[in-house]
Amino acid sequence: MADSITPNPTLTGAEILLATLAGEGVTTVFGYPGGAILPVYDVLRKFPNLHHVLVRHEQSAAHMADGYARATGRVGVCMATSGPGATNLVTGLATAMIDSIPIVAITGQVSSKVLGTDAFQEIDITGITLPITKHNFLVTRAEEIAPVLREAFQIARSGRPGPVLVDITKDAQQAAAAFDFEAAKPRPYRPHPMLRAESSSMQEAVTLIRQAKRPIILAGHGVVESGAERQVLALAEAHRIPIASTLLGLDAVPAEHPLCLGMMGMHGESWVNNAIQQADLLLAFGMRFDDRVTGNLTKYSPNSKKIHVEIDPSEINKNVRVDVALIGDLKEVLSLLMPLLETHPRPLESHGSEWLKQINAGKGNASVRDIINLPDNGHLYAAHVINDIWHEAAAAGRLEQTIIVTDVGQHQMWEAQYFKHHAPRSLITSGGLGTMGFALPAAIGAKVACPEKDVWVIAGDGGFQMTAAELSTIVQEGLAINIAVINNGFLGMVRQWQETIYEKNYASSPILSPNFVLLAAAHGIAGATVKQRADVIPNARLARTSGKPFLIEFQVEKEDGVYPMITPGSALHEMLRRPQHDPLIELPEEP
């Protein structure tokens, strides 16, 4: 049987499932077989254009589907059996839910005849995943499979994207039914009523932008999800508005653009946070005012008016009260807003240049104390590793063809600070949930989606060990993925919090690790150990050009910290900076 099905054939539920995936344009499924999903695996051979990637743990299947979706903007698909197979997907679904990533997860379930009897490997996965999916379904009849799956894809990618789980009983997979892909099409998605240019909220937004002397755009993940990168830049350039980014919005605007300030928040740049606190207008685009972005809410940008453009109405005024809410797809909203601003240009005495000079003055003072600008003292710092990987990609002219996939911890923040992203969808990382173990499987999803691109895993020694078994998946799939393990012998971010807040009580944060190069070799992957900065770029180049998977273990300073840092309860401008007489790095005196 080919992927294209003759009109209205009678198929098994398992065949209907795969035919529906093919009809939705799916080419890759990440999964792990088991008893309750075996009918689907049994007919997989009949669909040669559906490539199945065998994972080593179901959590990784969800992360791979997530990485695939983030790299492409398309829906990622994962599959697992009932019971523990389904529950192993939970962390990956939660990761996708909080970061608004479109995934369809398919799970097998015990026969409908024994539902509710605690049958072998039965679990109420729809009940379990109700809070961490956009929607979920339990399917007990073969004829329901196609309509439910098509609706699942529509829900996953429409409005604010998110994961959808479809649980299908084994007898539904085995039974026969007529298949009609077109007849299974769901009703058209009806978004919230489109904003109108003449609406009062649009007019209020125009007035606030015209009056602002110190405006800032806050670019969130929604900029990329909406595909509104050009519109955001056009608005910023036309009105000389600087752009600050959330972690997930870092790749929305080229880092080298003169209006791009960098990352805001807990480990954001000091000049960015200070500028937000001094602003008189915040234009929040596709972001949800997460606590890591705002710091103490009672002290957050106290003198600014706030315009929030957001597709999800539930996010409006959830954390930060705003003056104007523009609910809708960001790209569509900006297409209405920008012509209105052109007909009402800013006054000739625009304060844009003066505001930018004020911000850049703060940037200059901070940059002289940046570790990257200090001379090489023989120590290898994680910041150097990240910056040099960026330099190597830039020198090779590969920045637009490079995807960085990070795990969670200090290295994630150093990547945000020291890798200058140039293109949308070039940074893949777990933002809201902060899922350790995310990077390696998500990178597999990204590489499968974009085989022509250079994909780098940047992971800490702790998080990497959580999903290291997927090294064999890389080999089995023949994927040329570059892996940088930042090894400092600690759960680094935990250790930094213990140093800062818990009087250096390093309880359970030192971690013993294997020899990562030998571990990679056991899976059939070549590697190298780097201890000196001079060896970073040559080995990064070797990894990138080898045409095969390659792992580099970077043995970096153990007790280095990510600065600036905002401690819990502090305001955005109340940042801890690197100690003046850091035992690792002697910093210049404050000017």
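Residues numbered from 1 in each chain as written. Predicted model: local features only at pLDDT ≥ 70, side-chain atom pairs only at ≥ 80, totals over all residues. Heavy atoms only, no water.

## A closer look at the packing of aromatic side chains
For any pair of aromatic rings, geometry is given as the distance between the ring centres together with the angle between the planes.
In step 1: By the definition in use, this model includes 5 aromatic pairs.
In step 2: Note on Phe30 and Tyr68: the rings are 6.1 Å apart at their centroids and 65 degrees apart in plane angle, and the pair reads as edge-to-face. Taken together, the residues span a long stretch of sequence, with Phe30 in strand β2 (residues 28-31) and Tyr68 in helix α3 (residues 58-72) at a distance of 38 residues. Comparing Phe30 with Tyr68 shows no difference in burial state: the two are buried.
In step 3: Against the face of Phe181 rests Arg150, its NZ or CZ located 3.7 Å from the ring centre. (Phe/Tyr/Trp six-rings, centres within 6.5 Å; stacked < 30°, edge-to-face > 60°. Helix = DSSP H or I, 4+ residues; strand = E, 2+ residues; numbered from the N terminus. Buried < 20%, exposed > 50% of the residue type's maximum accessible area, 1.4 Å probe, protein only. Lys NZ or Arg CZ within 6 Å of the ring centre and 35° of its normal.)

## Brief notes about the domain arrangement of the protein chain
In step 1: For the protein chain, the domain assignment lists domain 1 (10-178), domain 2 (199-365) and domain 3 (370-562).
In step 2: For domain 1 versus domain 3, the separation of C-alpha centres amounts to 31 Å.
In step 3: At the interface, 26 residues of domain 1 touch 27 residues of domain 3.
In step 4: When residues of domain 1 are sorted by the area they lose upon contact with domain 3, Arg56, Arg70 and Ala71 head the list and together hold 30% of the total.
In step 5: Counting every contact that joins domain 1 to domain 3 gives 0 salt bridges.
In step 6: Inspection of the region where domain 1 meets domain 3 yields 11 residue pairs in polar contact (both at pLDDT 80 or more).
In step 7: Within the residue set of the side of domain 1 that touches domain 3, elements represented by two or more residues are β2, β3 (51-54), α3 and α5 (90-99).
In step 8: Sort the elements by how many residues they give to the side of domain 1 that touches domain 3 and α3 lands first, with 11 residues.
In step 9: Grouping the amino acids of the side of domain 1 that touches domain 3 by side-chain chemistry returns 10 nonpolar, 12 polar and 4 charged. (Domains from an automatic or database assignment. Contact = heavy atoms within 4.5 Å. Buried area = accessible area lost by both parts, 1.4 Å probe. Salt bridge = Lys/Arg side-chain N within 4 Å of Asp/Glu carboxyl O. Polar contact = N/O pair within 3.5 Å; in protein donor to acceptor, adjacent residues only side chain to side chain. Nonpolar A, V, L, I, M, F, W, Y, C, P; charged D, E, K, R; others polar.)

## Overview of the pattern of salt bridges
In step 1: Within this structure, the stated rule accounts for 19 salt bridges.
In step 2: One salt bridge connects Glu15 with Lys46, and the closest N-O pair in it is separated by 2.7 Å. Highlighted residues: Glu15 in helix α1 (residues 13-23) and Lys46 in the loop between α2 (38-43) and β3, separated in sequence by 31 residues.
In step 3: The network of salt bridges with common partners includes Arg160, Asp312, Glu315 and Lys318.

## A closer look at the packing of α3 against α5
In step 1: It is at 7 Å that the axes of α3 and α5 come closest, and there the two elements cross at 25 degrees. With respect to each other, α3 and α5 are oriented roughly parallel. Across from Gln59, Ala62, His63, Asp66 and Arg70 in α3, the residues of α5 making contact are Thr91, Gly92, Leu93, Thr95, Ala96 and Asp99.
In step 2: Split into classes, the residues belonging to the contact of α3 with α5 amount to 3 nonpolar, 5 polar and 3 charged. (Axes fitted to C-alpha atoms, helices over the stretch in contact; angles between N-to-C directions. Parallel < 35°, antiparallel > 145°, perpendicular 65-115°, else oblique.)

## Quick notes on helix α11 (residues 229-239)
In step 1: By the burial criterion, the buried members of α11 are Glu229, Val232, Leu233, Leu235, Ala236 and His239. All buried residues of α11 fall inside an arc of 160 degrees around its axis, so they share one side. The outward face of α11, more than 90 degrees from its buried face, is lined by the exposed residues Arg230 and Ala238.
In step 2: Structurally, α11 contributes buried residues whose contacts are with β9 (215-219), α10 (221-226), β10 (243-245), β12 (281-285) and α14 (330-343).
In step 3: Just downstream of α11 lies Arg240, where phi reads positive at about 55 degrees. (Arc of directions from axis to C-beta.)

## Quick notes on the environment of Ile359
In step 1: Mapping Ile359 onto the fold places it in helix α15 (residues 352-367).
In step 2: Residue Ile359 is classed as buried on the basis of its relative accessible area, which comes to 4%.
In step 3: When the C-alpha positions of Ile359 and Glu122 are compared, they lie 58 Å apart, and in sequence the two are 237 residues distant.
In step 4: In this structure, Ile359 is in contact with Pro242, Leu261, Trp271 and Ala275, ignoring residues within four places of it in sequence.

## Considerations on the nonpolar core
In step 1: Residues Phe30, Val405, Phe464, Ile474 and Ile483 are the most contacted members of the largest nonpolar core, which totals 52 residues.
In step 2: Here this core takes 8 residues from helix α18 (residues 439-449), the largest share from any one element.
In step 3: Apart from residues lying up to four places away in sequence, Val405 is in contact with Ile428, Phe438, Ala439, Ala442, Ala443, Val455, Trp456, Val457 and Ile458.
In step 4: Of all hydrophobic cores here, the second largest spans 40 residues; its members include Leu17, Val40, Leu44 and Ala146. (Core = buried A, V, L, I, M, F, W, Y, C linked by side-chain atoms within 4.5 Å.)

## Considerations on the sheet that holds β9
In step 1: Judged by pairing direction, the sheet is parallel, and its 6 strands sit side by side in the order β11-β10-β9-β12-β13-β14 without closing on themselves. The sheet terminates laterally at β11 (260-263) and β14 (324-327), the two strands that pair on one side only. Direction aside, neighbouring strands of the sheet carry axes that sit 20 degrees apart on average.
In step 2: Bridge analysis of β9 against β12 gives 5 bridges, and the strand direction is parallel. Directly across from Ile217, in β12, lies its bridge partner Leu283.
In step 3: Taken strand by strand, helix α9 (residues 200-211) contacts β12, β13 (305-310) and β14, and its axis lies near 125 degrees from that of β14. (Pairing = 2+ DSSP bridges.)

## A closer look at unusual backbone geometry
In step 1: Cis peptide bonds are those with omega within 30 degrees of zero, and the linkage from Tyr563 to Pro564 qualifies with 0 degrees.
In step 2: Topologically, Pro564 is positioned in the segment after β20 (550-555).
In step 3: Positive phi outside glycine occurs at Phe289, with the angle close to 55 degrees.
In step 4: For Phe289, the location among the structural elements is in the loop between β12 and α13 (291-294).
In step 5: Residue classification places Phe289 among the buried residues on the basis of a relative accessible area of 2%.
In step 6: At Ser508, a residue that is not glycine, the phi angle is positive and equals roughly 60 degrees.
In step 7: Tracing the sequence through the fold places Ser508 in the loop between α21 (492-501) and α22 (516-522).
In step 8: The class of Ser508 is exposed, set by a relative accessible area of 69%.

## Focus: the side chain of Asn136
In step 1: Inspection of the secondary structure assignment puts Asn136 in strand β6 (residues 135-139).
In step 2: Judged by relative accessible area, which is 14%, Asn136 ranks as buried.
In step 3: A polar contact is formed between the side chain of Asn136 and the backbone oxygen of Thr126, at a distance of 2.8 Å.
In step 4: A polar contact is formed between the side chain of Asn136 and the side chain of Thr129, at a distance of 3.1 Å.
In step 5: Ignoring anything within four residues of it in the chain, the contact list for Asn136 reads Thr126, Thr129, Leu130 and Leu165.

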